[in-house]
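One-letter residues, chain by chain:
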Amino acid sequence: MPDDVRPLHQSAPLIDPFARAITYLRVSVTDRCDFRCVYCMAEDMTFLPKSEVLSIEELERLCRAFVRLGVRKLRLTGGEPLVRRGVMTLIERLGELLGQGALDELTLTTNGSQLGKHSEALVHAGVRRVNVSLDTLDPEKFTAITRWGKLEKVLEGLAAAKAAGLAVKINAVALKGVNEDELHRLVEWAGAEGFDLTFIEVMPLGEIGADVGTANRVDQFFPLSMVRAKLKERWTLDESDYATGGPARYWTVRETGRRLGFITPLTHNFCESCNRVRLTCTGTLYMCLGQEDAADLRVPLRASDDDELLDAAIREAITRKPKGHDFVIDRRRTAPSVSRHMSVTGG
Ligand code: SAM
Ligand code: SF4
């Protein structure tokens, strides 16, 4: 059936075996990145050959299929979504779904390096919020963590995002011995800039190499219970009922009025309310960030111009969404519990 005669939201929504409605799709539009963050990638990453990666048109078709099946929120991620060639075209086309009322939100998670260039166009396309990853405000530490990044460029990107009217949430990975001493500064800075801030625990995803003293994630792991305890020494944290259906729990910092989130996938079980699935740039659908099971949507996508096979493959995949994950970081087990990198499935 051609797209223009197909109803935008076709009959039965996507409901998984645990009665969770799937309304949120995260799409990793590329596995490539202009940074090499130490907890995310090895320095000498081998990226996917271009032939395996979906075209911009194919990514759009897949996103539209999910929206037709009831997805209301799309988040583009990566790798670095804004280094993917043609990504702004994809964002503009998906932005049309907002105008049509078929989608509630189109957003992205970015390292911020390209926001100087793209913020205005993002707003023009209908993007209202972005998550920007920033773990430190110290230029030297920033380059040590990202290996290839420059803090100044990200700060410029943030200024451009703000000027364009984008709401910004900063994501900071809590790293033992690295940004442990900057927690108060990050809260203060985010408050002054008008940004929300979320701390994330390191997750055991993918081999990361053994350089810069970060040989394994046991060394990097800094539990957020400790982050919170430290922050409470200086800030008044009021528990907030703000919820996104995601893994973050939120507080409000009374002194700054900004939201403060904690994503604790390892120490807190957030799976019961999970409404999301993740698509990679090769068309592989992961029903859970912490499990290996996946469905190949590239084959049904390419098998015909009609979306019938694709819709059936998506529905079948959702019947396999597991109840939850089983991440573990412990001292006896240094291999990652899930071998793919975060840059494959996106954050
Ligand atoms: N490049 C973009 C960025 O950095 O925001 C989007 C992709 S990145 C994989 C998404 C998020 O995952 C970032 O906030 C990053 O800090 C986080 N991340 C990457 N590897 C991680 C890991 N092993 N544990 C926890 N968070 C991780
Ligand atoms: Fe790139 Fe984001 Fe991974 Fe850093 S966390 S290497 S910016 S994909």
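This structure is a prediction, so every number in the text was calculated from the model and none was measured.

Asker: Can you walk me through the overall build of the protein in this structure?
Answerer: A count of helical and extended segments in the protein gives 11 helices and 12 strands. Among the 347 residues that make up the protein, the fraction classed as buried is 57%. Contacts in the protein between residues far apart in sequence, at least 24 positions, make up 74% of those at least 6 positions apart. Carbon and sulfur atoms make up 52% of the accessible area of the protein, which totals about 14,800 Å².

Asker: Even after reading the chapter, I still don't get the site of ligand 1, so can you show me in this structure?
Answerer: Surveying the vicinity of ligand 1 reveals 18 residues, the closest of which are Y39, G79, T110, S133 and M203. With respect to ligand 1, the backbone of Y39 contributes an N or O atom lying 3.1 Å from a nitrogen atom. E80 has a polar side-chain atom sitting 3.2 Å from a nitrogen atom of ligand 1. Isolated, ligand 1 exposes 540 Å² of accessible area, and the fraction of that covered by the protein chains is 96%. Those elements that place two or more of their residues in the shell around ligand 1 are β3 (105-110) and β5 (167-173). Residues of the shell around ligand 1, tallied by class, amount to six nonpolar, nine polar and three charged.

Asker: I'm lost on the environment of M226 in this one. Help?
Answerer: Positionally, M226 belongs in helix α8 (residues 224-232). Judged by relative accessible area, M226 falls into the partly exposed class, the value being 45%. Along the sequence, M226 and E180 sit 46 residues apart, while their C-alpha atoms lie 9.7 Å from each other.

Asker: Whenever I open this one, the environment of E188 confuses me. Can you help?
Answerer: On the secondary structure map, E188 appears in helix α6 (residues 183-193). Expressed as a C-alpha distance, the spacing of E188 and E255, which sit 67 residues apart in the sequence, is 9.1 Å. Residues within four places of E188 in sequence aside, it is in contact with R234 and W235.

Asker: Explain the pattern of salt bridges here, please?
Answerer: Pairing between side chains of opposite charge can happen when the charged atoms of each approach one another. Inspection of every chain in the model, using the stated rule, returns 23 salt bridges. The partner of R93 in a salt bridge is E60, and the shortest N-O contact between them spans 3.2 Å. Of this pair, R93 sits in helix α2 (residues 87-99) while E60 sits in helix α1 (residues 56-68), placing them 33 residues apart in sequence. One salt bridge connects E182 with R185, and the closest N-O pair in it is separated by 3.7 Å.

Asker: How do you make sense of the layout of surface pockets when you look at a structure like this?
Answerer: Empty space among the atoms becomes visible once a probe the size of a water molecule is rolled across them. Put simply, the second largest pocket is a space of about 250 Å³. Lining the second largest pocket we find T30, D31, R32, L48, K50, V53, L54, V83, R84 and R85. By residue class, the composition of the lining of the second largest pocket is four nonpolar, one polar and five charged.

Asker: Looking at this structure, how should I read the site of ligand 2?
Answerer: Residues in close proximity to ligand 2 include C33, F35, R36, C37, C40, M41, G79 and N111, which together make up its full environment. Of the residues belonging to the shell around ligand 2, the class tally is five nonpolar, two polar and one charged.

Asker: Where do I start with the nonpolar core in this structure?
Answerer: The nonpolar side chains of soluble globular proteins are, as a tendency, buried together. By size, the foremost hydrophobic cluster in this structure holds 95 residues, and its most contacted members are F66, L74, I91, F199, L231 and L285. Ignoring anything within four residues of it in the chain, the contact list for L74 reads L25, V27, C63, V67, L94, L103, E105, L106 and T107.

Asker: Explanation requested: the pairing of strand β10 (residues 276-279) in the structure shown.
Answerer: Consecutive side chains along a regular strand alternate between the two faces of the sheet. Across the two faces of β10 the burial is the same, with R276 and R278 and V277 and L279 all buried. Pairing of strand β1 (residues 24-28) with β10 involves four bridges; the strand directions are parallel. Among the inter-strand pairings, R26 is bridged to a residue of β10, identified as R278. Relative to strand β11 (residues 284-286), β10 runs antiparallel, the two being bridged by two bridges. Residue pairing across strands places L279 opposite L285, the latter belonging to β11. Where β10 folds back onto β11 in an antiparallel hairpin, the turn is made up of four residues, including G283, whose phi is positive at roughly 90 degrees.

Asker: What am I meant to see in the pairing of strand β4 (residues 129-133) here?
Answerer: Across three bridges, β3 lies against β4 in parallel orientation. When the sheet's bridge partners are listed, L108 is paired in β4 with V130. With respect to chirality, the unit in which β3 leads through helix α3 (residues 115-125) into the neighbouring parallel β4 is right-handed. Here β4 runs beside β5; their pairing, made up of five bridges, is parallel. Counted as the bridge partner of N131 is K169 from β5.

Quick notes on the rules
Residues numbered from 1 in each chain as written. Chains lettered and ligands numbered in written order. Predicted model: local features only at pLDDT ≥ 70, side-chain atom pairs only at ≥ 80, totals over all residues. Heavy atoms only, no water. Helix = DSSP H or I, 4+ residues; strand = E, 2+ residues; numbered from the N terminus. Buried < 20%, exposed > 50% of the residue type's maximum accessible area, 1.4 Å probe, protein only. Contact = heavy atoms within 4.5 Å. Areas by Shrake-Rupley, 256 points an atom, 1.4 Å probe, with all protein chains shown as cover. Near = heavy atom within 4 Å. Polar contact = N/O pair within 3.5 Å; in protein donor to acceptor, adjacent residues only side chain to side chain. Nonpolar A, V, L, I, M, F, W, Y, C, P; charged D, E, K, R; others polar. Salt bridge = Lys/Arg side-chain N within 4 Å of Asp/Glu carboxyl O. 1 Å grid on protein atoms, 1.4 Å probe; cavity = no way out; pocket = protein on both sides within 12 Å on 5 of 7 lines; lining within 4 Å. Points joined across faces, edges and corners; volume = space filled by probe spheres on them. Core = buried A, V, L, I, M, F, W, Y, C linked by side-chain atoms within 4.5 Å. Pairing = 2+ DSSP bridges. Right-handed = clockwise from strand over helix to strand, strands pointing away.

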